Amino acid sequence: MINPTFIDRAEEAERRVRHLFEPTPCMRNDHLSAKFEADLWLKREDLTPVRSYKLRGAWNAMHEARETMPNIGLFVCASAGNHAQGMAYACREFGVRGVIFMPVTTPQQKIDKTRTFGGDMIEIRLVGDYFDDTLASAKTYCDAHNGHFLAPFDDQHVIEGQASVAVEFVRQMPKEPDIILLPVGGGGLSAGVVQYLRACWPDVEVYFVEPKGGASLKAALINGSPTKLSAIDSFVDGAAVARIGAIPFEALSEVSVDHVLTAPEDRICTTIVDMLNVEGIVLEPAGAMTIDALQDLRSLIKGKRVLCVTSGGNFDFERLPEVRERAQRFLGLKKYFIMRLPQRPGALREFLDMLGPQDDISRFEYLKKSARNFGSVLIGIETKDPKNFKTLFDRMNDVGLVHRDITDDEALSEFVL
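Parameters at a glance
Residues numbered from 1 in each chain as written. Predicted model: local features only at pLDDT ≥ 70, side-chain atom pairs only at ≥ 80, totals over all residues. Heavy atoms only, no water. Helix = DSSP H or I, 4+ residues; strand = E, 2+ residues; numbered from the N terminus. Contact = heavy atoms within 4.5 Å. Lys, Arg positive; Asp, Glu negative; His and termini not counted. Charge placed at Lys NZ, Arg CZ, Asp CG, Glu CD. Pairing = 2+ DSSP bridges. Axes fitted to C-alpha atoms, helices over the stretch in contact; angles between N-to-C directions. Buried < 20%, exposed > 50% of the residue type's maximum accessible area, 1.4 Å probe, protein only. Polar contact = N/O pair within 3.5 Å; in protein donor to acceptor, adjacent residues only side chain to side chain. Salt bridge = Lys/Arg side-chain N within 4 Å of Asp/Glu carboxyl O. Phe/Tyr/Trp six-rings, centres within 6.5 Å; stacked < 30°, edge-to-face > 60°. Lys NZ or Arg CZ within 6 Å of the ring centre and 35° of its normal. Parallel < 35°, antiparallel > 145°, perpendicular 65-115°, else oblique. Nonpolar A, V, L, I, M, F, W, Y, C, P; charged D, E, K, R; others polar.

Please set out the overall build of the protein residue by residue, giving values where relevant.
Within the protein, the regular secondary structure consists of 18 helices and 14 strands. Principal-axis analysis of the C-alpha atoms gives the protein an extent of 80 × 55 × 40 Å. For the protein, the proportion of contacts with a sequence separation of at least 24, taken over those separated by at least 6, is 74%. The distance from the centre of the 49 positive side-chain charges to the centre of the 59 negative ones in the protein is 4 Å.

Report on the sheet that holds strand β7 (residues 179-183), specifying residues and quantitative values.
Spatially, β1-β2-β10-β7-β8-β9 is the arrangement adopted by the six strands of the open sheet, whose pairing is mixed. Edge strands, defined here as strands with exactly one partner in the open sheet, are β1 (26-28) and β9 (260-263). Ignoring strand direction, the axes of neighbouring strands in this sheet form an average angle of 25°. In terms of strand pairing, β7 meets strand β8 (residues 205-211) through five bridges, oriented parallel. Paired with P183 across the bridge in β8 is V209. The strands that helix α12 (residues 265-279) touches are β2 (39-44), β8 and β9; relative to β9, the one it contacts most, it runs at about 80°.

Lay out the environment of Q162 in plain terms, naming residues and giving numbers.
For Q162, the location among the structural elements is in helix α7 (residues 156-162). Using a relative accessible area of 1% as the deciding quantity, one classes Q162 as buried. As a C-alpha pair, Q162 and E14 span 148 residues in sequence and 8.8 Å in three-dimensional space. The residues touching Q162, leaving out its near neighbours within four places in the chain, are Y53, K54, R56, G57, P152, G188, L189 and V193. A polar side-chain atom of Q162 sits 2.9 Å from the main-chain amide nitrogen of G57.

Report on the pattern of salt bridges, specifying residues and quantitative values.
Scanning the model with the defined rule gives 37 salt bridges in all. For R18, the salt bridge is made with E168, and the minimal N-O distance between the two is 2.8 Å. On the criterion of sequence distance, the pair formed by R18 in the loop between α1 (4-17) and β1 and E168 in helix α8 (residues 164-172) is long-range, its members being 150 residues apart. For R18, a relative accessible area of 22% corresponds to the partly exposed category. Residue E168 is classed as buried on the basis of its relative accessible area of 2%. In this structure, a network of salt bridges that share partners links the residues R9, E12, R15, R16, E64, E67 and E160.

Please provide a residue-by-residue account of the packing of aromatic side chains, values included.
Tallied over the full model, the rule gives eight aromatic pairs. On the basis of an interplanar angle of 85° and a centroid distance of 5.4 Å, the ring pair of F337 and F393 is categorised as edge-to-face. Of the two residues, F337 sits in strand β11 (residues 334-342) while F393 sits in helix α17 (residues 387-398), which places them 56 residues apart along the sequence. For F337, a relative accessible area of 0% gives the class buried. Its relative accessible area of 14% is what places F393 among the buried residues. Members of the aromatic cluster, connected to one another through ring pairs, are F337, F389 and F393. Looking at R92, its charged tip hangs above the ring of Y89, at a distance of 4.7 Å from the centre.

Quick one: what's the story with the side chain of R44, residue by residue and with numbers?
Here R44 is to be found in strand β2. With a relative accessible area of 8%, R44 lands in the buried category. Separated by 2.8 Å, the side chains of R44 and D46 make a polar contact. Each residue touching R44, except ones within four places of it in the same chain, is listed here: T24, P25, M27, I281 and T310.

Pulling in residues and values, what's your account of the packing of α12 against helix α13 (residues 285-293)?
For the pair α12 and α13, interaxial distance at closest approach is 9 Å and the crossing angle is 95°. Classed by the angle they form, the pair α12 and α13 counts as roughly perpendicular. Seen from α12, the contacting residues are R267, I268, T270, T271, I272 and M275; seen from α13, they are P285, A288, M289, I291, D292 and A293. Class assignment for the residues of the contact of α12 with α13 results in eight nonpolar, two polar and two charged.

Now the structure itself:
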């Protein structure tokens, strides 16, 4: 059902956000269009002043709160990333005090950026190793100091602010797309966009993309209500949410589970690297999810007009070696294995002779030395073609060189890699 009130409020939120920045670009991407044989467009939310769409919801919710309760002197939130930066920016613009709770484990880069956006108007408190502890502390502090808690997604005014993304791209696209891909974390952005599209582009097919290690929307749809995941992979930190918001789920409860895609974390890394190397576009893991999921829809989108919302570009370049590593492993271009190497002169040379011209040793470490006949060695190999590993392993098997591939053994690789 179309809610005319929501449409009006989303458009009002879009007018409000013009005080902060011009509409983010919505542009055709030639590289992706050629790669997927489709007409691919990107809504570049990575180009807002805080490099994510989160500023929209924070600004709109703060504006609404101050109109309703003009005496509010304190806003509080809990966030390890983009929501914190959005609230900090809004506090500075409104000239109101904000206290932002972040986990102790938050990267210094995110802490510094949040402080830069908020200036003297905000205070950052590092509490808890895990977000649940941080959130509990933030709410306790908020209640004790009569503050206003600014939720990252489970808030109607935040959702209306995020819907301003759709208000913009509906005006910017020269023609209605066939398919739109939206990233999902807590659900604020997707809930806002979907409600707006029901009025403007009701025939557009919408797909929702979650990280494989945080598929909270899929779990909620299967169970009929928001369901807390027993464990999440925090790599896609902008979208790895254990439970989708209750208010967003009201707007998403009729979504077909077949339209919810899960993007593997390592595959997302290949997309980040591709967009950086080829297009010079810096995307954080959550911001790359919709582009990454195009691989799952390749046959469906061929020849069609497709819009992907790139939700954020707050990428810490200290993570680049990890992202590159995970991308190589996903593509089969890098493997780690433990080898049982004979401890005799010439044994290492014999192994080196088995390597092909495209094989490169990236790691070599004795895990255990023995006074007897064999020693265990950890080997890391990079190559140019995944097929080269079959050739290498066949050569090792032919001479009886015992080895075990631990590349995809999460339990073991966590301790030795």
